[in-house]
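# Observations on the three-dimensional arrangement
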Amino acid sequence: MTEFLSRIPTQHHIGGRWVGDPTLEVTDPATGEVLATVADADVQTAVSALDAAVAAAESWAATRPRERGEILRRAFEGIIARQEEFARLMTLEMGKPLAEARGEVAYGAEFFRWFSEEAVRLHGRYGQAPLSGQRIVTEPKPVGPVFAITPWNFPLAMGTRKIGPALAAGCTVVVKPASATPLTTLLLMEVLVEAGLPDGVVNVFTSSNSRDTSAALIGDRRLRKLTFTGSTPVGKGLLRLAADNVLRCSMELGGNAPFIVLEGADVDLAVQGALVAKMRNNGEACTAANRFFLHESLAGEFLDKLGRALDDWPVGPGIADGTKLGALISKQAVAEIIELVDDAVAQGATLVRGGRAPEGPGAFLEPTILTGVPITSRIAHEEIFGPVVAAQTFSEVDDVVARANATDFGLMSYVFGAEGEALRVAGRLEYGMAGINTGLASDAAAPFGGVKHSGLGREGSFEGIAEYVETRYYALPG
């Protein structure tokens, strides 16, 4: 293990050079042990990363789309060639089971392949103005230097989902990964260098001082776009900073996903969907099912089958064979989830299973089921970000739609039932995305994003590259 970790970069990558003295510790949440020490940027270092991105911006924007696409394609191949290395690294620094980490490698790499193909499909238009008779010519142009702030829960995919469209559009990038999980991003930077990316086009710095380093870049007039994935409170703060600089913003924020099981649903299919929608990534996903609304006619059967499925859900270090639920990101995160569970129980919910941290080292939490969750409880309104099923029952469709929509969030939703009815119900939900009889909806070819307090813009699909370009209009005589 020591030999494996010794090969992972631990410095910032700025202007084509690895720089900085490693002083910031990265720990394994399954053991609490230090995995590596990485460089810790101050404001001056962060600004130097933007300096490099600005210096490279003009030449990268002028690079032919085919060449930009070929670099992204080589980077995709580089990730796949090192997929086991990426998977092990993510499991060690974030805690998810190794099998799920391998899935993230495939998912994350696909954004580079997808946007390598989209790089050559940016088009303008030409036509005649109907009143003046002038010719209208439009051209998509890269928006300019981008600051990408990525979260700890999907350290590879959230990086590729932002870097891929930016590079395809002709933008240079500064990336700040979460200080809890920076190693995956640093390894990704190594792959980009090996793929032939010119110096300064992507720059990465790691920092324990996220507030000051981010504020310095967001307030810099040379920056033209901010893209962030993280909590809604932090996102709102970043938007306030961005407003002073009138930055283009893509914000993928928190969620409070309803998981609705309608009368007549296939219960076995719903249970399998619940295991994915709730337990995937240890429940640490903004798309995770947060509130379970079960029709009263099948709630008992659903919960019984879900409980039996969780009997065979081993908890332990993600790196171990057979683990289905790994360590959460920190013991503090575990404690905060237990607070939500305890509050629900105090208000009348029934704790069917779990709800406690196993003894011993590591940030672990047993798979948990709560029933009869009161709508007044915190867990009915706050994002759980852990392996807790918080269940309520309903009898009328209108009622469950109203309850599902009674939140400021609007990212992901899930509906299980007869396909026609499930689609009709999903159409009434105030969410950017809906899984119909499936617990997994994320795909590089699909537009990912929410409404209300869950964010702005879309990532992935052809909509994703549009976030990184602006339309230039030229008027020509008729």
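Only a predicted model underlies this, so the values are computations on that prediction, with no experimental measurement involved.

## Here's the deal with the overall build of the protein
Helix and strand counts for the protein come out as 15 helices and 20 strands. Scaling as 2.2 N^0.38, a compact globule of 478 residues should have a C-alpha radius of gyration of about 23 Å, and the protein matches this with 23 Å. The dimensions of the protein, computed from C-alpha atoms along their principal axes, are 70 × 65 × 40 Å. Scored against the burial criterion, the 478 residues of the protein give a buried share of 56%. Of all intrachain contacts in the protein linking residues separated by at least 6 positions in sequence, the fraction that spans at least 24 positions is 72%. Summed over its atoms, the accessible surface of the protein is roughly 19000 Å², and 51% of this surface lies on carbon and sulfur atoms. Both charge centroids of the protein, one from 43 positive and one from 58 negative side chains, sit 7 Å from each other.

## Some details on the pattern of salt bridges
Counted under the stated rule, the structure contains 22 salt bridges. A salt bridge links Glu 85 to Arg 82; the shortest N-O distance between them is 3.1 Å. Across the salt bridge formed by Arg 222 and Asp 220, the nearest N and O atoms sit 3.1 Å from each other. The exposure class assigned to Arg 222 is partly exposed, which follows from its relative accessible area of 33%. Residue class for Asp 220 comes out buried when judged on its relative accessible area of 16%. Each of Arg 82, Glu 85, Glu 190 and Glu 194 takes part in one network of salt bridges that share partners.

## What about the domain arrangement of the protein?
Domain assignment breaks the protein into domain 1 (1-253 + 454-476) and domain 2 (257-436). Taking the mean C-alpha position of each, domain 1 and domain 2 sit 31 Å from one another. Summing both sides of the interface, domain 1 and domain 2 together bury roughly 1900 Å²; the carbon and sulfur share of this comes to 60%. In this structure, the connection of domain 1 to domain 2 is made through zero salt bridges. Inspection of the region where domain 1 meets domain 2 yields nine residue pairs in polar contact (both at pLDDT 80 or more).

## Quick notes on the sheet that holds strand 18 (residues 433-436)
With respect to topology, seven strands assemble into an open sheet ordered 14-15-16-13-12-17-18, the strand pairing being mixed. The two strands at the open ends of the sheet, each matched to only one other strand, are strand 14 (350-353) and strand 18. The average angle at which neighbouring strand axes cross in this sheet is 25°, direction not considered. Of the pairings in the sheet, the one linking strand 15 (residues 368-371) to strand 16 (residues 388-394) comprises three bridges and is parallel in character. In the sheet register, Thr 368 faces strand 16, and the bridge partner there is Val 388. Docked against the sheet, helix 12 (residues 331-346) engages strand 14, strand 15 and strand 16, running at close to 25° with respect to strand 15.

## Concerning the pairing of strand 12 (residues 257-261)
In terms of burial, strand 12 is largely enclosed, as five of its five residues are buried. Every second residue of strand 12 is oriented toward a common face, with Ala 257, Phe 259 and Val 261 on one face and Pro 258 and Ile 260 on the other, all of them buried. Regarding the hand of the β-α-β motif, the stretch spanning strand 12, helix 10 (residues 267-279) and strand 13 (residues 289-295) is right-handed. Inspection of the sheet shows strand 12 paired to strand 17 (residues 412-416) by three bridges, in the parallel sense. Across the sheet, the residue bridging to Val 261 is Phe 416, located in strand 17.

## Re the packing of helix 2 (residues 43-62) against helix 8 (residues 210-218)
The N-to-C vectors of helix 2 and helix 8 enclose an angle of 35°; their axes lie 9 Å apart at closest approach. Viewed along their axes, helix 2 and helix 8 form a crossing whose handedness is right-handed. Each of Val 43, Ala 46, Val 47 and Leu 50 in helix 2 lies in contact with helix 8, whose residues at this interface are Asp 212, Thr 213, Ala 216 and Leu 217. Of the residues contributing to the contact of helix 2 with helix 8, the split by class is six nonpolar, one polar and one charged.

## Quick word on the UniProt feature "domain: Aldehyde dehydrogenase" (unreviewed entry) in the protein
Summarizing the sequence annotation, UniProt attributes the feature "domain: Aldehyde dehydrogenase" (unreviewed entry) to residues 22-472 in the numbering used throughout. End C-alpha to end C-alpha, residues 22-472 measures 43 Å, and it is 41% helix and 19% strand.

## Some remarks on the packing of helix 3 (residues 65-81) against helix 5 (residues 98-118)
Following both chains from N to C, one finds helix 3 and helix 5 inclined at 165°, their axes separated by 7 Å at the closest point. Between helix 3 and helix 5, the interaxial angle falls into the category roughly antiparallel. Considering how the two elements wind past one another, helix 3 and helix 5 form a crossing that is left-handed. For the pair helix 3 and helix 5, contact is made by Gly 69, Leu 72, Arg 73, Ala 75, Phe 76, Ile 79 and Ile 80 and by Val 105, Ala 109, Glu 110, Phe 112, Arg 113, Phe 115, Ser 116 and Glu 117, respectively.

## A short note on the packing of aromatic side chains
Scanning the model with the defined rule gives eight aromatic pairs in all. Ring centres of Trp 152 and Phe 385 lie 5.7 Å apart, and the angle between their planes is 85°; on these two criteria the pair is classed as edge-to-face. Linking Trp 152 in the loop between strand 7 (146-149) and helix 6 (157-169) with Phe 385 in the loop between strand 15 and strand 16, this pair joins segments that are 233 residues apart in sequence. Taking the ring centre of Phe 448 as reference, the NZ or CZ of Arg 161 above it sits at 4.0 Å. Lys 452 extends its terminal NZ or CZ atom over the ring of Tyr 431, reaching a point 6.0 Å from the ring centre.

## Digging into the sheet that holds strand 6 (residues 135-142)
Read across the open sheet, the three strands follow the order 5-6-20; overall the sheet is antiparallel. The open sheet has two edge strands with one neighbour each: strand 5 (125-128) and strand 20 (469-476). Mean inter-strand twist for the sheet, computed between neighbouring axes without regard to direction, equals 25°. Direction of pairing for strand 5 relative to strand 6: antiparallel, over a ladder of four bridges. Directly across from Gln 128, in strand 6, lies its bridge partner Arg 135.

Conventions and cut-offs
Residues numbered from 1 in each chain as written. Predicted model: local features only at pLDDT ≥ 70, side-chain atom pairs only at ≥ 80, totals over all residues. Heavy atoms only, no water. Helix = DSSP H or I, 4+ residues; strand = E, 2+ residues; numbered from the N terminus. Rg over C-alpha atoms; globule rule 2.2 N^0.38 Å. Buried < 20%, exposed > 50% of the residue type's maximum accessible area, 1.4 Å probe, protein only. Contact = heavy atoms within 4.5 Å. Areas by Shrake-Rupley, 256 points an atom, 1.4 Å probe, with all protein chains shown as cover. Lys, Arg positive; Asp, Glu negative; His and termini not counted. Charge placed at Lys NZ, Arg CZ, Asp CG, Glu CD. Salt bridge = Lys/Arg side-chain N within 4 Å of Asp/Glu carboxyl O. Domains from an automatic or database assignment. Buried area = accessible area lost by both parts, 1.4 Å probe. Polar contact = N/O pair within 3.5 Å; in protein donor to acceptor, adjacent residues only side chain to side chain. Pairing = 2+ DSSP bridges. Axes fitted to C-alpha atoms, helices over the stretch in contact; angles between N-to-C directions. Right-handed = clockwise from strand over helix to strand, strands pointing away. Left-handed = near helix turned anticlockwise from the far one by under 90°. Nonpolar A, V, L, I, M, F, W, Y, C, P; charged D, E, K, R; others polar. UniProt positions renumbered as here; feature names shortened; annotations may be inferred. Parallel < 35°, antiparallel > 145°, perpendicular 65-115°, else oblique. Phe/Tyr/Trp six-rings, centres within 6.5 Å; stacked < 30°, edge-to-face > 60°. Lys NZ or Arg CZ within 6 Å of the ring centre and 35° of its normal.

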